[in-house]
Amino acid sequence: MTVHFIGAGPGAADLMTLRGRDLIAASPVCLYAGSLVPPEVLTWCPAEARLVDTANLDLDAITAELVAAHVAGQDVARLHSGDPSLYSAMAEQMRRLDEAGVPYDVTPGVPAYAAAAAALARELTVPGVGQSVLLSRISAASTPMPPGEDLPSLARTRTTLVLHLAVQRIEQVVAELVPEYGPDAPVAVVARASRPDELILRGTLADIAETVRAAGVVRTAVIIVGNVLTANQFSDSHLYSTTRCRS
């Protein structure tokens, strides 16, 4: 058997990869976070599949479910929202499975920041404006950030910044970014990207906290900061240049 770690995407069921869908359909056990994975995705599970909502399970309980399926010779679809390479807690599950001798593989999914950029109809790497994207979070009720990865340190790069798991601390985010980005820096907050109740909030560091609080957004949101959000005067990319040499 194999535990299939599958990126379930940002919310819209039709953003699931074909590979992920097919693995779900072939797995007699499915573990998923009920608060994050859209229920439509579960309709792809076999009719007799064992469905386990992990929302209230700790790591020990989740590992026990995976090991039990291994003992029974059953493949497992282990669903993670977005892409499992980002903030999915997949690493510690893999470490436990390595210790237990349980095989696994990984199927990527559409990450939340990509869905947020799509909702904004914005490229995050605009020629001459921004060519780097920094993905991070802040330390709140979670594991602390490693040395040098605190928000003020990251802000000194002045690159396009994407923050996950931070909207509930929007005032802190603003306070720590303004010294480097300035109060007029463009900001977008996309809540529940790709879902029917998707919400887009736009502003600057000077007013985004008030806008977020007024909208009642406290979770499942991505914050994007940077001039790429409003850039409209920039050079064409070298990729499609009519003057570059072609071989």
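See the structure printed just above.
Residues numbered from 1 in each chain as written. Predicted model: local features only at pLDDT ≥ 70, side-chain atom pairs only at ≥ 80, totals over all residues. Heavy atoms only, no water.

Chemist: Explanation requested: helix H4 (residues 90–100) in the structure shown.
Modeler: An α-helix turns once per 3.6 residues; consequently, residues spaced three or four apart project the same way. All buried positions along H4 are accounted for by Met-90, Gln-93, Met-94 and Leu-97. Viewed end-on, H4 has its buried residues packed into an arc of 100°, placing them on one side of the element. Within H4, the exposed residues directed more than 90 degrees away from the buried face are Ala-91, Arg-95 and Glu-99. Buried residues along H4 sit against strand E1 (3–7), helix H3 (59–71), strand E4 (76–80) and strand E5 (104–107). Remark: Gly-101 follows H4 within two positions and exhibits a positive phi of approximately 75°. (Buried < 20%, exposed > 50% of the residue type's maximum accessible area, 1.4 Å probe, protein only. Helix = DSSP H or I, 4+ residues; strand = E, 2+ residues; numbered from the N terminus. Arc of directions from axis to C-beta. Contact = heavy atoms within 4.5 Å.)

Chemist: Can you help me understand the sheet that holds strand E9 (residues 199–204) in this one?
Modeler: Backbone hydrogen bonds hold the strands of a sheet together, and the pairing may be parallel or antiparallel. The strand order across the open sheet formed by 5 strands is E6-E7-E10-E8-E9, and the pairing between neighbours is mixed. Of all strands in the sheet, those with a lone pairing partner are strand E6 (133–136) and E9, marking the two edges. Looking at each pair of strands side by side, their axes are set apart by 15° on average, direction ignored. The sheet contact formed by E6 and strand E7 (residues 160–163) spans 4 bridges and is parallel. Bridging from a neighbouring strand, Val-133 pairs with Thr-160 of E7. The strands touched by helix H5 (residues 112–120) are E6, E7, strand E8 (186–191), E9 and strand E10 (221–225); relative to E10, the strand with the most contacts, the crossing angle is about 65°. The strands that helix H7 (residues 170–181) touches are E7 and E10; relative to E10, the one it contacts most, it runs at about 15°. (Pairing = 2+ DSSP bridges. Axes fitted to C-alpha atoms, helices over the stretch in contact; angles between N-to-C directions.)

Chemist: Explain the nonpolar core here, please?
Modeler: The nonpolar side chains of soluble globular proteins are, as a tendency, buried together. Counting 27 residues, the largest nonpolar core has Leu-177 and Ile-223 as its most contacted members. Elements supplying a minimum of two residues to this core: helix H6 (151–155), E7, H7, E8, helix H8 (208–215) and E10. Take this core: its biggest share by element is 5 residues, from H7. (Core = buried A, V, L, I, M, F, W, Y, C linked by side-chain atoms within 4.5 Å.)

Chemist: I keep staring at helix H1 (residues 18–26) and nothing clicks. Help me out?
Modeler: Buried residues of H1: Gly-20, Leu-23 and Ile-24, and no others. The buried residues of H1 all sit within an arc of 100° when viewed along its axis, so they share a single face. Within H1, the exposed residues directed more than 90 degrees away from the buried face are Leu-18, Arg-19 and Ala-26.

Chemist: Honestly, the packing of H3 against H4 in this entry has me stumped. Any pointers?
Modeler: The relative placement of two packed helices is expressed as an angle between their axes plus a distance between the axes. At their nearest, the axes of H3 and H4 sit 10 Å apart, and the two run at 50° to each other. The angle between the axes of H3 and H4 places the two elements in the oblique class. As H3 runs across H4, the sense of the crossing is right-handed. Across the interface between the two elements, Leu-59, Asp-60, Ile-62, Thr-63, Leu-66 and Val-67 from H3 touch Glu-92, Gln-93, Arg-96, Leu-97 and Ala-100 from H4. A breakdown of the residues in the contact of H3 with H4 according to their chemical character gives 6 nonpolar, 2 polar and 3 charged. (Parallel < 35°, antiparallel > 145°, perpendicular 65-115°, else oblique. Left-handed = near helix turned anticlockwise from the far one by under 90°. Nonpolar A, V, L, I, M, F, W, Y, C, P; charged D, E, K, R; others polar.)

Chemist: Help me understand the side chain of Arg-78 in this model?
Modeler: Relative to the helices and strands, Arg-78 is located in strand E4. At 7.9 Å, Asp-53 is the nearest oppositely charged side chain to Arg-78, a buried residue that forms no salt bridge. A distance of 2.9 Å separates a polar atom in the side chain of Arg-78 from a polar atom in the side chain of Gln-93. Residues contacting Arg-78, with those up to four places away along its chain left out, are Val-3, His-4, Phe-5, Ile-6, Leu-31, Tyr-32, Thr-54, Ile-62 and Gln-93. (Lys, Arg positive; Asp, Glu negative; His and termini not counted. Salt bridge = Lys/Arg side-chain N within 4 Å of Asp/Glu carboxyl O. Polar contact = N/O pair within 3.5 Å; in protein donor to acceptor, adjacent residues only side chain to side chain.)

Chemist: What should I look at first to understand the pattern of salt bridges in this one?
Modeler: Once the charged atoms of two side chains with opposite charge are near each other, the side chains can pair. Following the criterion strictly, the structure yields 6 salt bridges and no others. Note that Glu-65 and Arg-50 form a salt bridge whose closest N and O atoms lie 2.7 Å from each other. Here the residue Glu-65 occupies a position in helix H3, and Arg-50 occupies one in strand E3 (residues 50–53), the gap between them amounting to 15 residues. Looking at Arg-50, the relative accessible area reads 45%, which means it is partly exposed. Ionic pairing is found between Glu-180 and Arg-158, a salt bridge with its closest N-O pair at 3.2 Å. In this pair, Glu-180 is assigned in helix H7 and Arg-158 in the loop between H6 and E7, connecting sequence segments 22 residues apart. Residue classification places Glu-180 among the partly exposed positions, given a relative accessible area of 24%. The exposure class of Arg-158 is exposed, given its relative accessible area of 54%.

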